[in-house]
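Spelled out from the first residue to the last, the chains are:
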Amino acid sequence: MTRTAPSRSLRLRLTALATLVITVTVALATAVLVFSVVHAVRSNVTTTLNAYADSVSRSSTDGTWPRPLPPAPGGLGAWAQVVNHSGTVVASTANVAGQSARYTLPTGSTTPHRTAAAGQADERVVAQRHVAGHTPVVIYVGGSTELLSLLTSDIQGHLLYVLPLGLVGAVGVSWLLIGRTLRPVERIRAEAAEITASDLHRRIPEPASDDEIGRLARTLNTMLARLDASAGRQRRFVADASHELRTPLAAVRTSLEVGLAHPDRAPWPELAQRAVSETTRLQRLVDQLLLLARADDTLLTRLEPVDLAALAAAAIDAAPARIPVDLHAPDPVPLLGDPDQLTRLIRNLLDNADRHARLHVTVTVKAEDPGTAVLIVADDGPGIPPEDRTRIFDRFVRLQTARARQPGQSTGTGLGLSIAQGIATAHDGTLSVAPAHSGEAANGPGAAFTLRLPIGTDPGHRPAPAQPKTDL
């Protein structure tokens, strides 16, 4: 058993796909997490600075500010400046005492602008306009963003180690899980690779689970069962055909060998007649075998409006019958079908009836509701036992007891009824056999073959006929 190349390995492709999906998912989740944390910290800093600015504004009494301004609560390390309209610092906290205004607030704006006194410090600043007594001022409150920078770098540092380890673990778990999932598929493939035409009885292992793989295994086993049955039918067909072909060939050879052994005393006309008879039988058998071999293509080649009663009358007129045939078809019975194949079906039934009838054969054609055409070919022969009424439609079946050949009768090939049933099935119909007269004993006298076909009105609206199953 050869190993699959890595570039063509389904397991490798699924693992790569899972890795890509996990990587994208983790990256998006990490980005959302970092953004959420940083945004929350920034919002918290802004909220704290605004609260401190409010407390500074409330510390004013009649336009007078405490010196220095009260520090930020909780050790925030924030600074505060109160600046009048001329840009002069009126009051400030101790940590920025003596410094000039660090920020300015343009008219109509809510965003403070950095001045040279603020330097390049990384800080967060809020500005609030306030009126102290009758003097408008701006309260600036700022705090360092060093904590936010430390938090961001700390998160990035942890992610630098955690993410690769997480991805490696995810790849490993995906590889193991995918391999475990595909293991039954590999067993199915290995077993299927070992099944040949000579051991179609073998089956692939079926997982106990009722998932896609389990259903696939059961479907493949069902297919193998059908192939096994079809191969068995084909082997039986070939064996039966070989046996049937051997008999006329042996008869012809025997006749010729007898004539050649005694050329001066051999009854050559009688030998020639026997050879012609057996050759005719052989030709008929070969023709029917070829028909069965091409059954999928020729059992139904076209659909057209036909009259079943007219087809029956034409078949009766053309058939060389030993026994008189009575036709009962008072009315036309139109339907959609293949006239050539329906004629072949009727001829096969007539040939079978003529071979086994004693005094007469009756053909009845009629229409039955709802929309069914019926053709009945009945004879007064020995009848067919109930246990053989299904088997008689199998190939190469010829009953050897009640319906044995009488002197002067031809021997059938055992394929006529099988072909007739195939044609009936191709026309979505049925072909069955029953006693010719209800109330007679189970074994006869007589047998009545009943063909039932659906009556169609428009070839364009009739569903496509089902093809009969064949062994070849």
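Structure's up top.
These figures come from a predicted structure and were not determined experimentally.

Trainee: What is the right way to read the overall build of the protein chain from this model?
Mentor: Secondary structure assignment for the protein chain yields eight helices and 13 strands. When each of the 472 residues of the protein chain is scored for burial, the buried share is 38%. Sequence-distant contacts, at least 24 apart, represent 63% of the contacts inside the protein chain between residues at least 6 apart. Working note: accessible area of the protein chain is about 27,100 Å², and carbon and sulfur atoms make up 59% of it.

Trainee: Could you clarify how one ought to interpret helix H7 (residues 339-356) in this entry?
Mentor: In an α-helix, one turn spans 3.6 residues; hence positions three or four apart end up facing the same way. Between the first and last C-alpha of H7 there are 26 Å, a value that for 18 residues agrees with the 26 Å anticipated at 1.5 Å per step. For H7, the tally of buried residues reaches 14 of 18 residues, placing the bulk of the element in the interior. Regarding H7, its N-cap is aspartate 338, as a side-chain oxygen of that residue lies 3.1 Å from the backbone nitrogen of aspartate 340 further along.

Trainee: Would you explain the pattern of salt bridges in this entry?
Mentor: Any two side chains of opposite charge can pair, given that their charged atoms come close. Throughout the structure, instances matching the rule amount to nine salt bridges. A salt bridge links glutamate 123 to arginine 102, with the nearest nitrogen and oxygen atoms 3.3 Å apart. Here glutamate 123, found in strand S5 (residues 123-132), pairs with arginine 102, found in the loop between strand S2 (89-92) and strand S3 (103-104); they are 21 residues apart in sequence, far enough to count as distant. In this structure glutamate 123 comes out as buried when scored by relative accessible area, which is 15%. With a relative accessible area of 8%, arginine 102 lands in the buried category. Salt bridges linked by common partners bring Glu191, Glu194 and Arg202 together as one network.

Trainee: When you look at the sheet that holds strand S8 (residues 325-328) in this model, what are you seeing that I'm missing?
Mentor: Backbone-to-backbone hydrogen bonds join strands into a sheet, with any given pair of strands oriented parallel or antiparallel. An order of S8-S10-S11-S13-S12 is seen for the five strands of this open sheet, with the pairing classed as mixed. The sheet terminates laterally at S8 and strand S12 (430-435), the two strands that pair on one side only. Strand-to-strand twist of the sheet, defined as the mean angle between neighbouring strand axes without regard to direction, takes the value 15 degrees. Relative to strand S11 (residues 372-379), strand S10 (residues 361-368) is paired through eight bridges, and the arrangement is antiparallel.

Trainee: What is the right way to read the packing of aromatic side chains from this model?
Mentor: The relative placement of two aromatic rings is captured by the distance of their centres and the angle of their planes. Here the structure, examined in full by the defined rule, presents two aromatic pairs. With a centroid separation of 6.0 Å and an interplanar angle of 10 degrees, the aromatic rings of tryptophan 79 and tyrosine 103 are classed as stacked. Here tryptophan 79 is found in strand S1 (residues 79-84), whereas its partner tyrosine 103 is found in strand S3, with 24 residues between them in sequence. Tryptophan 79 gets classed as buried once you look at its relative accessible area, which sits at 5%. Plain terms: the ring middles of phenylalanine 393 and phenylalanine 449 are 6.2 Å apart, the flat faces sit at 90 degrees to each other, and that makes the pair edge-to-face. One end of the pair, phenylalanine 393, is in the loop between S11 and helix H8 (416-426); the other, phenylalanine 449, is in strand S13 (residues 447-454), with 56 residues separating them in the sequence. Each member of the pair, phenylalanine 393 as well as phenylalanine 449, carries the same accessibility label: buried.

Reading the values: the criteria
Residue numbers restart at each chain and count upward from 1, following the sequence in its written direction. Given that this is a predicted model, residues contribute local features only at a pLDDT of at least 70 and side-chain atom pairs are listed and counted only at 80 or more, while totals for whole chains, interfaces and linings are drawn from all residues. The basis for the side-chain values is all heavy atoms of the structure; hydrogens and waters are excluded. Where helices and strands are cited, they refer to DSSP runs of H or I of at least four residues and of E of at least two residues respectively, numbered from the N terminus. Only protein chains enter the accessibility calculation, which uses a 1.4 Å probe. A residue is then buried if its area is under 20% of the maximum for its type, exposed if over 50%, and partly exposed in between. Should any heavy atoms of two residues lie within 4.5 Å, those residues are considered in contact. Only the protein chains shown count as cover for residues, with accessible areas throughout obtained via the Shrake-Rupley method and a probe of 1.4 Å. The span you would expect from a helix comes to 1.5 Å times its residue count less one. Definition of a polar contact: a pair of N or O atoms within 3.5 Å, with one able to donate and the other able to accept a hydrogen when the atoms are protein atoms, and with sequence-neighbouring residues admitted only if both atoms are side-chain atoms. What counts as a salt bridge is simple: a side-chain nitrogen of Lys or Arg found within 4 Å of a carboxyl oxygen of Asp or Glu. Whether two strands pair comes down to DSSP finding at least two bridges between them. Helix axes are fitted to C-alpha atoms over the stretch in contact, other axes to C-alpha atoms as well, and angles between N-to-C directions run from 0 to 180 degrees. Any Phe, Tyr or Trp ring, taking Trp's six-membered ring, that has another such ring centre within 6.5 Å forms a pair; planes under 30 degrees apart are called stacked, those over 60 apart edge-to-face, and the others tilted.

Coordinates in, geometry out; function isn't part of it.
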